[in-house]
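# Descriptive analysis of the structure
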Amino acid sequence: MTARCAPVAAAPRPRRVPTPQMIGRAATLALHDELALSPKPGLVTLTDRGSHADMDAHTFMRSLFALRGYFVRIAELGHGGAPFEALEQCGIAAEARMLAATGGVNTHRGAIFMLGLLCASAGVLAAQGRSPAPAALREVLTQRWGEALAARALRPPTLPGGLAARRLGLRSASAEAAAGLPTLFDTAMPALRAAQQRGLPPAAARLDTLFAVIATLDDSNLAHRGGLGGLRFAQAAARGFLAAGGAAAPGGMQAAQAIGAAFVQRRLSPGGAADTLAAACWLDRLQPTAP
Ligand SMILES: CC(C)(COP(=O)(O)OP(=O)(O)OC[C@H]1O[C@@H](n2cnc3c(N)ncnc32)[C@H](O[C@H]2O[C@H](COP(=O)(O)OP(=O)(O)OP(=O)(O)O)[C@@H](O)[C@H]2O)[C@@H]1O)[C@@H](O)C(=O)NCCC(=O)NCCS
Ligand SMILES: Nc1ncnc2[nH]cnc12
């Protein structure tokens, strides 16, 4: 008689601890994931300028290329335990390289900030031998740099978006970071994982994720370009798209294109949502769902 062996539970797949080089490379690839997604309401794609007269795919590719070393460097700073001031200087230098590469156009200032903070946080975890799980990243962001970020969010804003956010009582990019990036962790990642678990292909999953973020985020670009009415118009359109079944619904892609046309007509561009989508793509690259 053969002994019946109790089924052995599959060992949990060890989460790989990424090096700063892997962390930074994932950020550059994630910014390309975002740029390449199409259709994308009001935003630049590889074939469309969206609501932008001053930039196109070439502008973004030059910016991406100029930033590839920055994301590795700031992950190394986190890995080495650098203070927020060192991160800030690294980010400011990266902004200068972006502007030099784009001829003065602001393509990724928000991404430099958000993805820079996330790469630094992943570097901190890697130094502890830990993988960049969402909860661990959020803990590093709030425990290690929360005070500096909160102080930063209280500074008078200098950018059009920040000024609009302050005027309208919205949560700017700095305030979003000081709050621990709630839209990324509580909206974007759950939306992306739910779409993946429904079996949506990557482009459709990312589009649903983008719309979930547009529906939720106080995107200061939308506020700066369209006022509170423009922000609320975009949020309502995104909620309607998802309520109708999103990208996988019959006619979903056509609906997304129609919303894009309405955004362009109003010169609306959800740049903050685009950055948040890129951050979700970055996390997905570092922490792909279990098979
Ligand atoms: C810390 C800064 C980001 C400044 O802080 P502030 O709070 O004032 O930032 P905002 O103005 O609110 O937003 C700045 C950019 O961040 C993106 N964004 C917008 N809303 C949010 C949000 N709620 N959460 C997260 N991120 C948000 C957005 O960036 C993207 O859009 C820009 C391109 O779109 P476009 O419409 O073309 O933008 P403009 O050129 O401004 O308008 P037009 O002239 O064309 O009409 C692009 O930047 C995308 O990335 C907001 O624009 C930061 O500026 C700062 O102070 N940095 C210093 C370096 C630093 O501290 N680094 C830390 C490294 S760890
Ligand atoms: N694809 C895009 N188009 C316009 N603004 C953006 N900000 C970040 N990504 C963007």
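So, here is what we can say about the structure in this document. Being a predicted model, the structure only gives us computed values, none of them experimental.

What follows concerns the site of ligand 2. Taken together, the residues surrounding ligand 2 are Glu34, Lys40, Leu43, Val44, His52, Met55, Phe60, Thr107, Ser269, Gly271, Ala274 and Asp275. At a separation of 2.8 Å, a nitrogen atom of ligand 2 approaches a polar side-chain atom of Glu34. Separating a nitrogen atom of ligand 2 from a backbone N or O atom of Val44 is a distance of 2.9 Å. When ligand 2 sits alone it has 260 Å² of accessible area, and the protein chains cover 96% of it. Partitioning the shell around ligand 2 into residue classes produces five nonpolar, four polar and three charged.

Next up on the list: the packing of aromatic side chains. Overall, the coordinates contain three aromatic pairs when judged by the stated rule. The ring of Phe65 carries Arg68 above its face, with NZ or CZ at 3.8 Å from the centroid. The ring of Phe233 is capped by Arg266, whose NZ or CZ atom sits 3.8 Å from the centre of that ring.

The subject of this paragraph is the nonpolar core. Core analysis: the biggest nonpolar cluster contains 87 residues, and Leu118, Leu184 and Trp282 have the highest contact counts within it. Sorting elements by how many residues they give to this core places helix α4 (residues 109-127) first, with 13 residues.

The rules behind the values
- Residues numbered from 1 in each chain as written.
- Chains lettered and ligands numbered in written order.
- Predicted model: local features only at pLDDT ≥ 70, side-chain atom pairs only at ≥ 80, totals over all residues.
- Heavy atoms only, no water.
- Near = heavy atom within 4 Å.
- Polar contact = N/O pair within 3.5 Å; in protein donor to acceptor, adjacent residues only side chain to side chain.
- Areas by Shrake-Rupley, 256 points an atom, 1.4 Å probe, with all protein chains shown as cover.
- Nonpolar A, V, L, I, M, F, W, Y, C, P; charged D, E, K, R; others polar.
- Phe/Tyr/Trp six-rings, centres within 6.5 Å; stacked < 30°, edge-to-face > 60°.
- Lys NZ or Arg CZ within 6 Å of the ring centre and 35° of its normal.
- Core = buried A, V, L, I, M, F, W, Y, C linked by side-chain atoms within 4.5 Å.
- Buried < 20%, exposed > 50% of the residue type's maximum accessible area, 1.4 Å probe, protein only.
- Helix = DSSP H or I, 4+ residues; strand = E, 2+ residues; numbered from the N terminus.

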